[in-house]
Amino acid sequence: MEFYNKFMEYLEAEDKEKAVFYALNLLEENKVDILTLYTKILAPSLNNMFCKSTEKGVCIWKEHVRSSIIRTIIECAYPHVIKQRDKNGVERRNESVVVVCPQDEYHEIGARMVADFYTLHGFDTVFVGANTPKEDFVSAINIIKPKYVVISVTNYYNIVNAERAIKRIREIANYDLKIIVGGYAFRANKEIYKNIGADYLMDSFEEIEAFIKEGQK
Amino acid sequence: MGNVIELKNINKIYGTIIKNQVLYDVNLSFKEGTFNSIIGASGSGKSTILNIMGTLDKPTSGEVYIDGKRTDLMTKNELAEVRNKKIGFIFQFHYLLPEFTALENVLIPYLIKDGKAPKEVVKRAEELLDLVGLSKVKNNRANNMSGGQQQRTAIARALINNPKIILADEPTGNLDSESTDAIYDIMRDINEKLGTTFIVITHDRRIAERADRIVEINDGKVHMDIVR
Amino acid sequence: MRLPFKIANRFLWSNKGQTLLIALGIAIGVAVQIFIGSLITGLQDSLINKTVGNSPQIKITSDDKYFDLDSTSLDEIKSIDTNITSVSYALDIPALISKDSKNNSVLLRGLDLDRADKIYNIKSRIIDGKPFWGDRVNIGKDLAKELNVAVGDKINIRTSDGKLKEFLIEGIYDFKVANLNKSWILINISTLQEFTKQNKISSIEIKTKDIFLADKVADNIKNAIDKNLKVINWKEENEELLSGLKGQSTSSIMIQVFVLIAVVLGIASVLAITVLQKSKQIGILKAMGIKDRQASYIFLFQGLILGILGGILGSALGLGLLYSFSKFAVNPDGTPVVEVSIKYSFIAFSAFVAILSAGAASLIPAIKSSKLNPIEVIKNG
């Protein structure tokens, strides 16, 4: 894909200015929509970072720089998300979604993308952030009363923390709340979501879309 | 690759009058050459599992296979031999013999096997000490070394007989974070270079999250079993 | 075997103070044993020596008081038993001796000087003058003092049947027994026979190599000679002394046994503590695959090493003690109070027993360590 290759060029050069402007221009000029930008350009660019073991130290540093570039793009894309939702004529539902990364989970880009995705589909979305201690957000559950809580886990060790968070949410929530988990950590552990008390595992935007549509019926 | 350790329906009950069951029908197996961590709260039974895998403890019921051979029915002497040849132990409290130097400590598992260490084995012990970064203090008495140095010596000692399996119980339990990272790097390095299977009990998430597989033990059962 | 020895050695030397203390304990035990043993043996030896050393251990006499000596039979008697070193014969005649107005009853002992010397060491007992010959006699130093006579003086001797003769004192002897020194007058047997017109003899006297076999030798002689003759040995005559010595030996053995028990208990208790001290090490060795038997050897070797150390040290100490005792505990004339007998075989035996009991003492800790379960150590950190 032409846009992806071009974008990767800037990203690999760690040229923040060019990369950010290139991505935002794509949206502004309506060359791509949010979904395409997220799923076809940003997500693959993050997942396709291979590290040669000899340059591990440099590699982690590069990963951080690129993550930061992509985070900036996602932040700046928010007006476009709203614009696109309105343009698509999506009705605001009176339902909210809370998106969170469990304690010690610092990989938040996926969660941000997912949050925007729910926004696109008319949800009131609350992105709580990375590394959120469970006590900090469970207290808000009964006030916000989200329909779904989405927990994003990248590092597989944090499945353990996700489980604890889910357990706490279940204790606090006084209504029927659905918990969705997703993220890189679950790729090799497809069945584990049942053990940790989640209701659904969603691995891709397509699955989320299908799920939302299912829920609308 | 095959399973180098297999536990089948392991139950462990301590005490005869007041029975205290610590393991319930545990089934676990570990593939050769993998780096695994076991986590769980204290008292969850994770150490008991490790001790049963290490043939230091016997299950009340169930079968234990080490490198394809059933060990829960072996005699004490046969078990000693299995431990000597197939398993290396690394404990939280390094457990070196303080009366001996680092190099002598590393050689002890070989001496248990053979009584006398030929030159090439001594050389190998020196190489192992080099691998764990201790060639400078190899002639220090064990009680003249820092905690991190002692633990690295223990790792070299665990490796001298080329075991298939290294069982480590909180190897970084009382080390600072810098030593912890060094110990992890050494263990991972050995895992990759020599293909030794590692099973590491740890509270330290830095070690756990870098393992190929995390097994969480809770109340004597395998609660979660996740892979990277 | 090699590794347990190496570990045992290292365990011992890593705690030099404790090791030396136990070794010293064993050493003192061994030293006491050697000292007491040697002292008592020396005491008994000198006592027996004093009693029977310079006298015949076997005597052949007759109920008829006097009997004929067929001179060839002396050699025959000697050939009866290889234990017989010398055979002599004597004629004893009781007599009275008078000097000035004093009368003393004495025993005239007619002897063959060369033969009798092998039993009584007469020649070396003479403190003044020369041994008897011809008409010249030897008298004891106490008698000489009582009669106030010296070498060269003459004395009148009268037998119980009235024969009287004057004899010249050729020498004065000291048998170190006042009784003998007072009563015996040594004289050439043929002179005496001529004097008393008595051609018979009163006894054949026999000395044996091992004095404690005297009873056996006496039995053999009894079976070989004329049934009319009586054979008596010193053991029959000294039963009281012997039972006294036996009691002394028993108490000496008791002392030695208790010293040994103290040593064994000491080693056992210290090693038992060492097992506790080293339980961590034993546990880790077992986790690394040391077999129970090898683990128990560690403590067995520790016991043996301590035993050997203590044995050597104790032997040296004991020898030193004996040496200084014989050097410093002396009579005014410089001779030792007790002639201690230093027998190397006994010292070696004592050291060996110490090593053996050290080994035995280490059995309990050895068994304890072989039973130690590594899991206990690892669990309890």
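These numbers were taken from a predicted model, which means no experiment stands behind them. (Residues numbered from 1 in each chain as written. Chains lettered and ligands numbered in written order. Predicted model: local features only at pLDDT ≥ 70, side-chain atom pairs only at ≥ 80, totals over all residues.)

Caption draft 1: Layout of the overall build of chain B. The secondary structure content of chain B amounts to 7 helices and 10 strands. At 17 Å, chain B has a C-alpha radius of gyration in line with the 17 Å of a compact globule built from 228 residues. In terms of principal-axis extent, the alpha carbons of chain B reach across some 50 × 40 × 40 Å. Counting the 228 residues in chain B, one finds 52% classified as buried. The contacts in chain B between residues at least 6 apart in sequence include a share of 69% that link residues at least 24 apart. (Helix = DSSP H or I, 4+ residues; strand = E, 2+ residues; numbered from the N terminus. Rg over C-alpha atoms; globule rule 2.2 N^0.38 Å. Buried ≥ 20, exposed ≤ 12 C-beta atoms within 10 Å, placed from the backbone. Contact = placed C-beta atoms within 7 Å.)

Caption draft 2: Molecular detail of the overall build of chain A. Counting secondary structure elements, chain A contains 9 helices and 5 strands. Reading the helices (α) and strands (β) of chain A from amino to carboxyl end gives α-α-α-α-β-α-β-α-β-α-β-α-β-α. Relative to the compact-globule value of 17 Å for 217 residues, chain A shows a C-alpha radius of gyration of 18 Å, a close match. Counting across all 217 residues of chain A, residues that qualify as buried make up 35%.

Caption draft 3: Inspection of the interface of chain B and chain A at higher detail. Each partner contributes residues to the interface: chain B has 9 residues there, and chain A has 10 residues. Residue assignment for the side of chain B that touches chain A shows that the elements contributing at least two residues are helix 7 (205-208), strand 9 (213-218) and strand 10 (221-227) of chain B. Grouping the constituent residues of the side of chain B that touches chain A by class yields 5 nonpolar, no polar and 4 charged. (Nonpolar A, V, L, I, M, F, W, Y, C, P; charged D, E, K, R; others polar.)

Caption draft 4: Structural view of the nonpolar core. Residue and element names in this part refer to chain C. Counting 177 residues, the largest nonpolar core has I26 and I267 as the members making the most contacts within it. Considering each element in turn, this core owes the most residues, 11 residues, to helix 13 (residues 292-328). Once you skip the residues sitting within four places of it in the chain, I26 turns out to touch V263, I267, L306, G307, G310, G314, A354 and A358. One finds W184, I201, I206 and V231 within the second-largest nonpolar core, a separate group that totals 47 residues. (Core = buried A, V, L, I, M, F, W, Y, C linked by C-beta atoms within 7 Å.)

Caption draft 5: Layout of the sheet that holds strand 1 (residues 3-14) of chain B. All names here are of chain B. Strands sit in the order 2-1-4-5 across an open sheet of 4 strands; the sheet is antiparallel. Looking at strand neighbours, the two that pair on one side only are strand 2 (20-31) and strand 5 (69-70), the edges of this open sheet. With 5 bridges connecting them, strand 1 and strand 4 (residues 61-66) associate as antiparallel partners. Looking across to strand 4, one finds that K8 is bridged to E63. Sitting on the sheet, helix 1 (residues 46-53) touches strand 1, strand 2 and strand 4, and the angle it makes with strand 1 is about 125°. (Pairing = 2+ DSSP bridges. Axes fitted to C-alpha atoms, helices over the stretch in contact; angles between N-to-C directions.)

Caption draft 6: Main features of helix 4 (residues 119-131) of chain B. Residue and element names in this part refer to chain B. Over its 13 residues, helix 4 runs 18 Å from end to end, which matches the ideal 18 Å to within 8%, given 1.5 Å per residue. In this structure, the buried side of helix 4 is in contact with helix 3 (102-114) and helix 5 (147-159). Positive phi appears at G133, one or two residues downstream of helix 4, with a value of about 75°. (Expected span 1.5 Å × (residues − 1).)

Caption draft 7: Expanded view of the domain arrangement of chain A. Residue and element names in this part refer to chain A. Here the domain parsing of chain A yields domain 1 (2-87) and domain 2 (96-216). A straight line from the C-alpha centre of domain 1 to that of domain 2 covers 23 Å. Contact with domain 1, which involves 12 residues of that partner, is made by 8 residues of domain 2. Going through the elements one at a time, helix 3 (34-47) and helix 4 (56-87) are the ones with two or more residues in the side of domain 1 that touches domain 2. For the side of domain 1 that touches domain 2, the leading source of residues is helix 4, giving 7 residues. Split by residue class, the side of domain 1 that touches domain 2 holds 7 nonpolar, 3 polar and 2 charged. (Domains from an automatic or database assignment.)

Caption draft 8: Geometry of the packing of helix 1 (residues 2-12) of chain A against helix 2 (residues 16-28) of chain A. Residue and element names in this part refer to chain A. Between helix 1 and helix 2, the least distance of the axes is 8 Å, while the angle of their chain directions is 155°. It follows that helix 1 is roughly antiparallel to helix 2 by the angle criterion. Taken as a pair, helix 1 and helix 2 cross one another with a handedness that is left-handed. Across the interface between the two elements, F3, K6, F7, Y10 and L11 from helix 1 touch K18, A19, Y22, A23 and L26 from helix 2. Of the residues belonging to the contact of helix 1 with helix 2, the class tally is 8 nonpolar, no polar and 2 charged. (Parallel < 35°, antiparallel > 145°, perpendicular 65-115°, else oblique. Left-handed = near helix turned anticlockwise from the far one by under 90°.)

Caption draft 9: How the structure looks around the interface of chain C and chain B. Taken together, the contact pairs 19 residues of chain C with 22 residues of chain B. Among the secondary structure elements, those contributing two or more residues to the side of chain C that touches chain B are helix 1 (2-14), helix 12 (279-287) and helix 16 (374-379) of chain C. Looking at the side of chain C that touches chain B residue by residue, the classes come out as 10 nonpolar, 4 polar and 5 charged.

Caption draft 10: Broad picture of the environment of I267 of chain C. Residue and element names in this part refer to chain C. Inspection of the secondary structure assignment puts I267 in helix 11 (residues 239-277). With 35 residues separating them in the primary sequence, I267 and Q302 have C-alpha atoms 9.8 Å apart. Every residue in contact with I267, bar those within four places of it in the chain, is listed here: I22, I26, G303, L306, A358, A361 and S362.

Caption draft 11: Fine view of the pairing of strand 7 (residues 164-173) of chain C. All names here are of chain C. Here strand 4 (residues 126-129) pairs with strand 7 via 3 bridges, running antiparallel. Paired with G129 across the bridge in strand 7 is G171. Relative to strand 7, strand 5 (residues 136-140) runs parallel, the two sharing 5 bridges. In the sheet register, N138 faces strand 7, and the bridge partner there is G171. With 5 bridges joining them, strand 6 (residues 154-159) and strand 7 adopt antiparallel strand pairing.

Caption draft 12: Inspection of the environment of A158 of chain B at higher detail. As for its position among the elements, A158 of chain B is in helix 5. Aside from chain neighbours lying at most four places away, what touches A158 of chain B is G88, F89, I90, P163 and I166 of chain B.

Caption draft 13: Structural context of the confidence of the model for chain B. In this model, chain B carries a mean pLDDT of 90, and residues with pLDDT of at least 70 account for 99%. The complex model carries a pTM of 0.74, and its ipTM stands at 0.90. (pLDDT = per-residue confidence, 0-100.)

Caption draft 14: A look at the environment of S62 of chain C. Residue and element names in this part refer to chain C. Locating S62 in the fold gives a position in strand 1 (residues 58-62). A C-alpha to C-alpha distance of 45 Å links S62 and S326, two positions 264 residues apart in sequence. Setting aside residues no more than four positions away along its own chain, S62 makes contact with F67, N228, L229 and K230.

Caption draft 15: Spotlight on the arrangement of the chains. For the 2 pairs of chains in contact, the maximum contact count is reached by chains B and C. Regarding chain A and chain C, which are not in contact, the minimum distance between any of their C-alpha atoms is 26 Å.

Caption draft 16: Region of interest: the pairing of strand 3 (residues 148-152) of chain A. Residues and elements named next belong to chain A. For strand 3, the tally of buried residues reaches 5 of 5 residues, placing the bulk of the element in the interior. Both faces of strand 3 are covered, namely the face carrying Y148, V150 and S152 and the face carrying V149 and I151. Two elements, strand 3 and strand 4 (residues 178-182), share 5 bridges in a ladder whose sense is parallel. Looking at the pairing, V150 lines up with I180 of strand 4.

Caption draft 17: How the structure looks around the packing of helix 11 of chain C against helix 15 (residues 363-371) of chain C. Residues and elements named next belong to chain C. For the pair helix 11 and helix 15, interaxial distance at closest approach is 8 Å and the crossing angle is 20°. By the angle class used here, helix 11 and helix 15 are roughly parallel. Seen from above, helix 11 lies across helix 15 with right-handed handedness. Where helix 11 approaches helix 15, its residues A268, L271, A272, T274 and V275 are matched on the opposing element by I364, P365, K368 and S369. Grouping the constituent residues of the contact of helix 11 with helix 15 by class yields 6 nonpolar, 2 polar and 1 charged.

Caption draft 18: Summary view of unusual backbone geometry. Its identity is not glycine, yet D104 of chain A carries a phi of approximately 75°, on the positive side. Examined against the element boundaries, D104 of chain A turns out to sit in the loop between strand 1 (96-102) and helix 5 (109-120). Overall, the presence of 16 C-beta atoms within 10 Å leaves D104 of chain A in the partly exposed class. With phi around 45°, D25 of chain B is a residue other than glycine that occupies positive phi space. Residue position: D25 of chain B is located in strand 2.

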